[in-house]
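# Structure at a glance
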Amino acid sequence: MQEIKNYVETHKQRFLDELFELLRFPSVSADPKYKGDVLKTADYVAQKLKDAGADQVEICPTAGYPIVYGEKIIDASLPTVLIYGHYDVQPADPLELWHTPPFEPTVRDGKIYARGACDDKGQFYMHVKAFELMMQTNTLACNVKFMIEGEEEVGSANLGIFVKANADRLKADVVLISDTSMISMEHPSIETGLRGLAYMEVEVVGPNRDLHSGVYGGAVANPATILCKMIASLHDENNHITIPAFYDKVLELTDEEKKALNSAPYDEAEYKKDLDIEEVWGEKGYSTLERTGTRPTLEVNGIWSGYIGEGAKTVLPSKANAKISMRLVPHQSSKEIAEIFTKHFESIAPKNVKVKVTPHHGGEPVVTPTDSIAYQAAEKAIEDSFGKKAIPTRGGGSIPIVALFEDALGIKSVLFGFGLDSDALHSPNEKYDIYNYYKGIETLPLFHKYFAELSK
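The protein chain has the name Dipeptidase in an unreviewed UniProt entry, where Pedobacter psychrodurus is given as its organism.

### Focus: the overall build of the protein chain
A count of helices and strands for the protein chain gives 13 helices and 20 strands. In terms of C-alpha radius of gyration, the protein chain reaches 23 Å, essentially the compact-globule figure of 23 Å for 456 residues. If you line up the protein chain on its principal axes, its C-alpha atoms span 80 × 50 × 45 Å. Residues classed as buried in the protein chain amount to 53% of the 456 residues present. In the protein chain, the share of contacts with a sequence separation of at least 24, taken over all contacts with a separation of at least 6, comes to 79%.

### Here we look at the packing of aromatic side chains
Aromatic ring pairs are described here by two measures, namely the spacing of the ring centres and the angle between the planes. Summed over all chains, the structure comprises twelve aromatic pairs. Considering the side-chain rings of F246 and Y247, the 5.3 Å spacing of their centres and the 80 degrees angle between planes classify their relative orientation as edge-to-face. Judged by centre distance (5.5 Å) and plane angle (65 degrees), the rings of Y266 and Y271 are edge-to-face. By relative accessible area, Y266 is classed as partly exposed at 30%. Y271 sits in the partly exposed class, given a relative accessible area of 31%. Pairwise contacts between aromatic rings join F416, F418, F447 and F451 into one cluster. Its end group placed over the ring of Y69, R169 keeps NZ or CZ at 4.2 Å from the ring centre.

### Brief notes about the side chain of T41
Relative to the helices and strands, T41 resides in helix α2 (residues 35–52). If we ignore the near neighbours within four places in the chain, the residues touching T41 are L22, F25, S27, Y87 and K121.

### Notes on a negative patch on the surface
Taken together, the side chains of D267, E268, E270 and D274 make up a negatively charged region of the molecular surface. Of note, E268 is situated in helix α8 (residues 268–275).

### Points about the side chain of E290
Turning to its location among the elements, E290 is positioned in helix α9 (residues 288–293). If sequence neighbours within four positions are ignored, E290 has contacts with K258, L261, N262 and R295.

### A few points about the domain arrangement of the protein chain
For the protein chain, the assigned domains read domain 1 (1–194 + 366–455) and domain 2 (196–250 + 296–363). Between domain 1 and domain 2, the C-alpha centre-to-centre distance is 35 Å. With eight residues of domain 1 at the contact, the number on the domain 2 side is seven residues. Area buried by domain 1 at its contact with domain 2 is led by G155, S398 and P400, which between them contribute 54% of it. Where domain 1 packs against domain 2, one counts zero salt bridges. One can count two residue pairs in polar contact (both at pLDDT 80 or more) joining domain 1 with domain 2. A breakdown of the residues in the side of domain 1 that touches domain 2 according to their chemical character gives four nonpolar, four polar and no charged.

### So, the sheet that holds strand β12 (residues 297–305)
If you walk across this open sheet you meet the four strands as β12-β14-β10-β15, and the pairing is antiparallel. The sheet is open, and its two edges are formed by β12 and β15 (354–363), each paired on a single side. Strand-to-strand twist across the sheet, computed as the mean angle between neighbouring axes with direction ignored, equals 15 degrees. Judged from the eight bridges that link them, strand β10 (residues 196–205) and β15 form a sheet pairing that is antiparallel. Considered in β15, the bridge of E201 is made with T358.

### What about the sheet that holds strand β5 (residues 111–113)?
Strand order in the open sheet made by the three strands is β4-β5-β20, with antiparallel pairing throughout. Strands with a single pairing partner mark the edges of an open sheet, and in this sheet they are β4 (106–108) and β20 (431–433). Shown here is a sheet whose adjacent strand axes are inclined to one another by a mean of 30 degrees, direction ignored. Where β5 meets β20, three bridges bridge the pair, whose relative direction is antiparallel. Paired with Y113 across the two strands is K431, which belongs to β20.

### Some details on the nonpolar core
Ranked by size, the top nonpolar core spans 69 residues in total, and within it Y87, F416, Y437 and F447 carry the most contacts. Contributing elements (two or more residues each) for this core: α1 (2–23), α2, β3 (80–86), α3 (121–136), β6 (143–149), β7 (174–177), α11 (373–386) and α13 (434–454). Considering every element that reaches this core, the biggest residue donor is α13, with ten residues. Formed by 29 residues, the second largest nonpolar core is a distinct cluster that contains I226, F246, A349 and V357.

### Observations regarding the pairing of β10
β10 sits mainly inside the fold: nine of its ten residues count as buried. Bridging between β10 and strand β14 (residues 319–328) involves ten bridges; their strand directions are antiparallel. Bridging across to β14, V205 finds its partner in K319.

### Some remarks on unusual backbone geometry
The omega angle of the peptide bond from D119 to D120 is 0 degrees, so this bond is cis rather than trans. Relative to the helices and strands, D120 resides in the loop between β5 and α3. The phi torsion at Q56 lies on the positive side, around 50 degrees, for a residue other than glycine. Even without being a glycine, N138 presents a positive backbone phi close to 55 degrees. Looking at the element boundaries, N138 is found in the loop between α3 and β6.

### A look at the pattern of salt bridges
Applying the stated criterion across every chain yields a total of 24 salt bridges. Of the charged contacts, one joins D55 and K72 as a salt bridge, the two residues approaching to 3.1 Å between their closest N and O atoms. You can see D55 sitting in strand β1 (residues 55–60) and its partner K72 sitting in strand β2 (residues 67–72), a full 17 residues away along the chain. For D55, a relative accessible area of 32% corresponds to the partly exposed category. Since its relative accessible area comes to 17%, K72 is described here as buried. Each of R14, E18, K129 and E132 takes part in one network of salt bridges that share partners.

Reading the values: rules and limits
Residues numbered from 1 in each chain as written. Predicted model: local features only at pLDDT ≥ 70, side-chain atom pairs only at ≥ 80, totals over all residues. Heavy atoms only, no water. Helix = DSSP H or I, 4+ residues; strand = E, 2+ residues; numbered from the N terminus. Rg over C-alpha atoms; globule rule 2.2 N^0.38 Å. Buried < 20%, exposed > 50% of the residue type's maximum accessible area, 1.4 Å probe, protein only. Contact = heavy atoms within 4.5 Å. Phe/Tyr/Trp six-rings, centres within 6.5 Å; stacked < 30°, edge-to-face > 60°. Lys NZ or Arg CZ within 6 Å of the ring centre and 35° of its normal. Patch = residues over 30% accessible without salt bridge, like charges linked within 9 Å, V, L, I, M, F, W, Y side chains within 5 Å. Areas by Shrake-Rupley, 256 points an atom, 1.4 Å probe, with all protein chains shown as cover. Salt bridge = Lys/Arg side-chain N within 4 Å of Asp/Glu carboxyl O. Lys, Arg positive; Asp, Glu negative; His and termini not counted. Charge placed at Lys NZ, Arg CZ, Asp CG, Glu CD. Domains from an automatic or database assignment. Buried area = accessible area lost by both parts, 1.4 Å probe. Polar contact = N/O pair within 3.5 Å; in protein donor to acceptor, adjacent residues only side chain to side chain. Nonpolar A, V, L, I, M, F, W, Y, C, P; charged D, E, K, R; others polar. Pairing = 2+ DSSP bridges. Axes fitted to C-alpha atoms, helices over the stretch in contact; angles between N-to-C directions. Core = buried A, V, L, I, M, F, W, Y, C linked by side-chain atoms within 4.5 Å.

As structure tokens, this is what we get:
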């Protein structure tokens, strides 16, 4: 451990400078205008893998953005760790809410503020630097493969094709992913499950053009009003989702599982203070930890219609749109949920409007084993690095690749994130603590050490 700390201390400024370079690339995969920047980011990642000591580094083309691959095979008889991450980021909008430019990383109070600081550039780059550390100190204990993609934030549409076509190349004993969070640095944790996702877009169309709200209002259905009513009907008074068959395959927790989940540190007063809200909200009969980790949800991610410019314009809009995401739990299927959502949403539309439902990307829920050698290695690494045992938790987010790895490669994942829920992922002023960044670089080599030892 001391050797690890000494190397990080010696190179900490360079580690930070390199991360800042990576964060300056506006690698927004959702917006075609950033295509050149996304491709430059892939080039940068590939070069840094080479610099760290990886072999067979390649920028692998796909129908979308490329996947950066690299490996270091030191002994074919040793176990192999496949490290996954993504170099693309969410759009930075709304820009006016950022305190500093989103692609000019800024340090305030020991935290790095930039788009991608935590999700996922800061986290996957920990692995690159941890790998460098192991190479330079001659402590790499197992084989390592890297697969860093550029389309995670738009659904990883081409990743499955790549994984299936390169199954032999990607052969490994475990997938190691840092794209999740811990409870805190005082209460280190390891996520043991993720929710799935079904992402939809809906459109409600009324008259064939925008209308004068005085001349036509009251006589013609307003698509914005209709859409709001339809969306509101998707939850009942107990915030239970009303779509028929939505809960049919939901796996309820046992009393023991509920007790274990709710034993994790949680301060509701601090939770509300951080978000500046008066009360928490959600499905009746469940705690906040259950709602965010083990219950399915339906949320409106965006809604728009009519005139939203400066001043007033008395218009009855011809159409209204919304983006809706549903987080899923075992054993729900993203395809089935998308189908029943579509059927239900179309069925509740009144005859004076037309409805169109478009499914976007999705992913399957997963639960990772806590009795595996890989999980035990992560636990031992946490205990060595933090001086205390890791708390198992369930993550509320989705990483579709986890289920894909199980299906296509037959291997499980370890979700070994060092972010915090308060890091404003996907929001303005995303951040990542410098301490967490360095702590990840210190802890990851211990995972490799213990995984190799326990695999003997």
